[in-house]
Amino acid sequence: MKLINVLDADYTTVISHNNLSNENFDFKLKSAFLRDLTIEPLIPFIKYQCITKNIFSETYINDYGTVMQEILDQNSNLYSFKPEIIYIFPDINNLLDEKVLLKNRNNDEKLIKKINEIEIYFENIIDSIRIHSDAIIVISSIIENPNTLNSIQEFKNPKGKNYLIKEINNRIFNKTKNSQNTYVLNLSSIISRIGYNQFYDNRSYHMSKNPFSTIALRHIAFECVKYISSLKGLSKKCIVLDCDNTLWGGVLGEDGLNNLKCGKEYPGSFFLNFQKKLLQLKNNGVLLALNSKNNYDDVIDALENHSEIILKKRDFAAMRINWNDKAKNLIEISHELNISLDHMIFIDDSSFEIGLVNKTLPNVEIIQVPENLDELERVFENTDYFENLSLSSEDNNRTELYLAEKDRKESKKLNINLDNYFEELHLCTKSSFAKVSEIPRISQLTQKTNQFNLTTKRYNQREIENFINSKDYDILTFEAEDKFGPYGLIGVVILAYENNNMKIDTFLMSCRALGRGIEKVMLSNCFNIANSKKIKSIYSSFIQTKKNHQVRDFYQKNHFEIIRDEETVSEYKLSEYNNKNIVPEYIVTKTK
């Protein structure tokens, strides 16, 4: 979503959506708001933005001034509500009284003591919530007022209020940095964007303890929903780019390699900076692809031999450089990368191509190269396209992993005999019980894996950590590699134990490992553990979604007995399990 769409939203439209039924939405979410401020006017804007993402949002707001009571009481309405995200909006005037500040302005020791007390207050909030809830915690930063009475002395004097607020915010940042699934809602970035006088409503604060202007509420809602969007796995995964007048200035077939505009000098500097942004996104796990009407050899020559073009052939996970319909090319790229169209962005300078894709593939996000080239490097600003709650080591190497997979597919095409192909692949899997260092990747896989995912349960890092530390659960992780390179961590199984029975809570595998028999290795590991624990029966389930129909019969094919079969949910039981001949002979299995 783009911020401009939020700012243009009609408030009456927001209100009219309040009575919609949750049955009409693909996603549901519960969010709680703990506040010492009046934030009720914020809720409709959050609900509206959730609606645009097909998310039905339920909200809970504590009674004014009862933050700690709600957090400390395990039977409070907060925990009964079972939120997935908890937003916290503190009031600086409750934390840092002006009278105390004035009284102790010459007493450094007391001021430091006060800051330490506030730090402990936020630490207690985080720790107390963590005892009773695995929800994501988002703490709003304290509002800084740049309109000071003596700006010259404001930062020279360490006793000024803004100086103290900055110190408090820094300590909040540090606390959240060291606490899993705890984040900061940085209000300072919004103030920088729109200006303090547009952000803060002094009359509203004095009348109702709501310091936010209407325009500020829209911006704050936009930032809040980024966490929701990321939690629901709605971030974009792939940017598909045209070449001419998009990746570089000029038309390669007409202007020639040496006359392309890309470099340190104007106007090529706009394209160079755009490429730098793309490279940064690629290094954070976003895939890049090309969709260009050009001669293939000419484009590769430009990428590899133009001295100022920093993106190279190896930076693109897929390429469609031909004279075909670009919408058709996009579908092919989607299939090649195994990424749905609604996770893709298409960027082109041509109004015709943008219009064609918009009409034929409405799920694809489209961006037309702006006429004012100074806006090109900022086309991703004020959007929520690439928000992620965590990054794993696999994200840094995602393009390389996809290119290795492309090599596998090419080799498979050349090898008609599938058995010979798998033998020559030299596939090796490594399994282990989950390690703490793997928590971000495990959580990420539960959030993003849709196709080979039997139950599609989404777990945050805190929940994964709890599973690892619980005697009633085991988490198994699986890596793989072959002659083309490593796959990374691609499989996760979560097992639950009760009354000498095992329940397969989660059984998932990354789409880039499909079709190789690795799922057999994963199931074999489950059987091994069941044998070692002398498990009586193994229970499992399949929960249907829009994207996992291909694994609906997985348990039946592996001899599980159906004990409940409904339209969207099936449950299974296996009392006699045997590892004999379950793992394909061409797979070498190891432990990590």
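Structure: above.
As the structure is a computational prediction, the values presented were derived from the model and not from experiment. (Residues numbered from 1 in each chain as written. Predicted model: local features only at pLDDT ≥ 70, side-chain atom pairs only at ≥ 80, totals over all residues. Heavy atoms only, no water.)

Student: Teacher, can you tell me more about the overall build of the protein here?
Tutor: When you go through the protein residue by residue, the secondary structure sums to 26 helices and 19 strands. Taking 592 residues into account, the globule formula puts the C-alpha radius of gyration at 25 Å, and the protein, at 27 Å, falls close to it. With respect to the three principal axes, the spread of C-alpha positions in the protein is 85 × 75 × 50 Å. For the protein, buried positions account for 52% of its 592 residues. (Helix = DSSP H or I, 4+ residues; strand = E, 2+ residues; numbered from the N terminus. Rg over C-alpha atoms; globule rule 2.2 N^0.38 Å. Buried < 20%, exposed > 50% of the residue type's maximum accessible area, 1.4 Å probe, protein only.)

Student: Please clarify how the pairing of strand β10 (residues 365-368) should be interpreted in this entry.
Tutor: Successive side chains on a regular strand alternate, one facing one side of the sheet and the next facing the other. The pairing of strand β9 (residues 344-348) with β10 spans four bridges and is parallel. Its bridge partner lying in β10, isoleucine 347 is registered against isoleucine 367. In this fold, the crossover linking β9 to β10 by way of helix α19 (residues 351-360) has right-handed handedness. (Pairing = 2+ DSSP bridges. Right-handed = clockwise from strand over helix to strand, strands pointing away.)

Student: Just checking my understanding: could you explain the side chain of arginine 516 for this structure?
Tutor: One can find arginine 516 in the loop between β15 (501-509) and α25 (518-532). Residue class for arginine 516 comes out buried when judged on its relative accessible area of 7%. For arginine 516, the side chain forms a polar contact with the main-chain oxygen of leucine 514, separated by 2.5 Å. (Polar contact = N/O pair within 3.5 Å; in protein donor to acceptor, adjacent residues only side chain to side chain.)

Student: What is the right way to look at the packing of aromatic side chains in this model?
Tutor: Each aromatic ring pair is summarised here by two numbers: the centre-to-centre distance and the angle between the ring planes. Summed over the entire model, instances satisfying the criterion amount to 24 aromatic pairs. Aromatic side chains tyrosine 459 and phenylalanine 467 sit 4.9 Å apart centroid to centroid with 90 degrees between the ring planes, which places their arrangement in the edge-to-face category. Across this residue pair, the class does not change: tyrosine 459 and phenylalanine 467 are buried. An aromatic cluster is defined as three or more aromatic residues linked by ring pairs; in this entry it consists of Phe452, Phe507, Phe554, Tyr555, Phe560 and Tyr572. Seen from the ring of tyrosine 497, lysine 533 lies directly overhead, with NZ or CZ sitting 4.8 Å from the centre. (Phe/Tyr/Trp six-rings, centres within 6.5 Å; stacked < 30°, edge-to-face > 60°. Lys NZ or Arg CZ within 6 Å of the ring centre and 35° of its normal.)

Student: I tried to follow the sheet that holds strand β5 (residues 182-185) on my own but got confused; where do I start?
Tutor: Ordered by their spatial adjacency, five strands build an open sheet running β2-β1-β3-β4-β5, and the pairing between neighbours is parallel. At either end of the open sheet lies a strand with only one pairing partner, and these are β2 (55-61) and β5. The sheet shows a mean angle of 25 degrees between the axes of neighbouring strands, taken without regard to direction. Relative to strand β4 (residues 136-140), strand β3 (residues 85-89) runs parallel, the two being bridged by four bridges. Pairing of isoleucine 88 across the sheet is with isoleucine 139, part of β4. On the sheet, helix α10 (residues 161-177) packs against β4 and β5 and is oriented at approximately 150 degrees with respect to β5. In the packing of helix α14 (residues 214-231) onto the sheet, the strands contacted are β1 (27-35), β2, β3, β4 and β5, and the crossing angle to β3 comes to about 155 degrees. (Axes fitted to C-alpha atoms, helices over the stretch in contact; angles between N-to-C directions. Contact = heavy atoms within 4.5 Å.)

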